Amino acid sequence: PLSAARKAEYFEKMKELLGTYSKLFVVEVDNVGSMQLQLTRKALRGKAEVLMGKNTMMRKVIREYVEENPGAPCEKLAEICRGNIGFVFTSGDLSEVREVLESNTRPAPARVGSLAPSDVM
């Protein structure tokens, strides 16, 4: 469990990112290893910022941010916070950040009990 101080720190960081950056990607990170995520963060350094977190905390921060800033376009993000997702914030060129994200996509090995991302024949 996260301490109250860590939660407050996370809330401040996410609110700051929502206010600072004008664009973001919602990325699904099912079957993504920590090393792969680390390499992606390293490749995006200076261009974008990756933020992962608990869905309930992300939804709460988004709701609070919308209350403080009525008319903010990030209201729809609260509905998207389902499953294993993260946000990639950027103010730069979206196509450039997308290229970096796609270049760091690797096929994941099959695991017991996991669902196949494509049809198996």
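Everything that follows concerns the structure shown earlier in this document.
Computed from a prediction, not measured in an experiment: that's the story for all the values here.

Asks: It is not clear to me how the sheet that holds strand β1 (residues 23-28) should be interpreted in this structure. Could you clarify?
Replies: Sheet strands line up and pair through hydrogen bonds in the backbone, either parallel or antiparallel. Read across the sheet, 3 strands follow the order β1-β3-β2 without closing on themselves; strand pairing throughout is antiparallel. In this open sheet, the two strands that pair with only one neighbour each are β1 and β2 (48-52). Between one strand axis and the next, the sheet turns through 25° on average, direction left out of account. Sitting on the sheet, helix α2 (residues 34-44) is in contact with β2 and β3 (85-90), with an inclination near 150° to β2.

Asks: Can you help me understand the layout of surface pockets in this one?
Replies: Its boundaries defined by the atoms lining it, the largest pocket holds a volume of some 850 Å³. Taken together, 28 residues line the largest pocket, and the ones lying closest to its centre are Glu28, Asp30, Val32, Thr105 and Arg106. Elements that contribute at least two residues to the lining of the largest pocket include exactly β1, α2 and α5 (94-103). The element contributing the most residues to the lining of the largest pocket is β1, with 4 residues. Along the lines of polarity and charge, the residues of the lining of the largest pocket split into 16 nonpolar, 6 polar and 6 charged. Approximately 210 Å³ is the volume attributed to the second largest pocket. In terms of lining residues, the second largest pocket is bounded by Leu18, Tyr21, Ser22, Lys23, Leu24, Tyr65, Ala72, Pro73, Cys74, Leu77 and Phe89. Grouping the amino acids of the lining of the second largest pocket by side-chain chemistry returns 9 nonpolar, 1 polar and 1 charged.

Asks: In this structure, what is going on with the pairing of β3? I would like to understand it.
Replies: If a strand is regular, its side chains alternate between the two faces of the sheet. Across the 6 residues of β3, 6 count as buried, placing the element largely inside the fold. Burial along β3 is two-sided: the face carrying Ile85, Phe87 and Phe89 and the face carrying Gly86, Val88 and Thr90 are both buried. Pairing of β1 with β3, which is carried by 6 bridges, proceeds in the antiparallel orientation. The residue of β3 that forms the bridge with valine 27 is glycine 86. Direction of pairing for β2 relative to β3: antiparallel, over a ladder of 5 bridges.

Asks: Whenever I open this one, the packing of α2 against α5 confuses me. Can you help?
Replies: Each pair of packed helices can be described by the angle between their axes along with the distance between the axes. With their axes 10 Å apart at the nearest point, α2 and α5 run at an angle of 155° to one another. When the axis of α2 is compared with that of α5, the two are roughly antiparallel. Judged by the twist between their axes, the crossing of α2 over α5 is right-handed. Where α2 approaches α5, its residues Thr40, Ala43 and Leu44 are matched on the opposing element by Val97, Val100 and Leu101. Class assignment of the residues belonging to the contact of α2 with α5 gives a composition of 5 nonpolar, 1 polar and no charged.

The rules behind each value
- Position numbers for residues count from 1 along each chain, tracking the sequence in the order it is written.
- Local features in a predicted model are, by the rule used here, given only for residues with pLDDT of at least 70; side-chain atom pairs are given and counted only at 80 or more, and totals for whole chains, interfaces and linings are based on all residues.
- With hydrogens and water excluded, all non-hydrogen atoms of the structure serve as input to the side-chain values.
- A pair of strands is labelled paired if DSSP reports no fewer than 2 bridges between them.
- Runs of H or I in DSSP of at least four residues are treated as helices and runs of E of at least two as strands, each being numbered from the N terminus.
- As a rule, the C-alpha atoms of each element are fitted with a line to give its axis, helices using only the stretch in contact, and angles between N-to-C directions run from 0 to 180 degrees.
- Contact between two residues is taken to exist if any of their heavy atoms lie within 4.5 Å; hydrogens are not considered.
- Space inside and on the surface of the protein is sampled on a 1 Å grid over the protein atoms alone, with a cavity defined as a set of points where a 1.4 Å probe fits but cannot get out and a pocket as an open set with protein on both sides within 12 Å along at least 5 of 7 lines; lining residues have an atom within 4 Å of a point.
- Grid points are joined across faces, edges and corners, and a volume is the space filled by probe spheres set on the points.
- Residues were grouped as follows: Ala, Val, Leu, Ile, Met, Phe, Trp, Tyr, Cys and Pro as nonpolar; Asp, Glu, Lys and Arg as charged; and all remaining residues, including Gly, as polar.
- Here the term buried applies to any residue with accessible area under 20% of the maximum for its type, exposed to any over 50%, and partly exposed to those in between, with areas from a 1.4 Å probe on protein chains only.
- In these notes the angle categories are as follows: under 35 degrees is roughly parallel, over 145 is roughly antiparallel, 65 to 115 is roughly perpendicular, and the rest is oblique.
- Note: crossing handedness is left-handed where the near helix turns anticlockwise from the far helix by less than a right angle, and right-handed where it turns clockwise.

Keep in mind that these numbers describe shape and distance, not what the molecule does.
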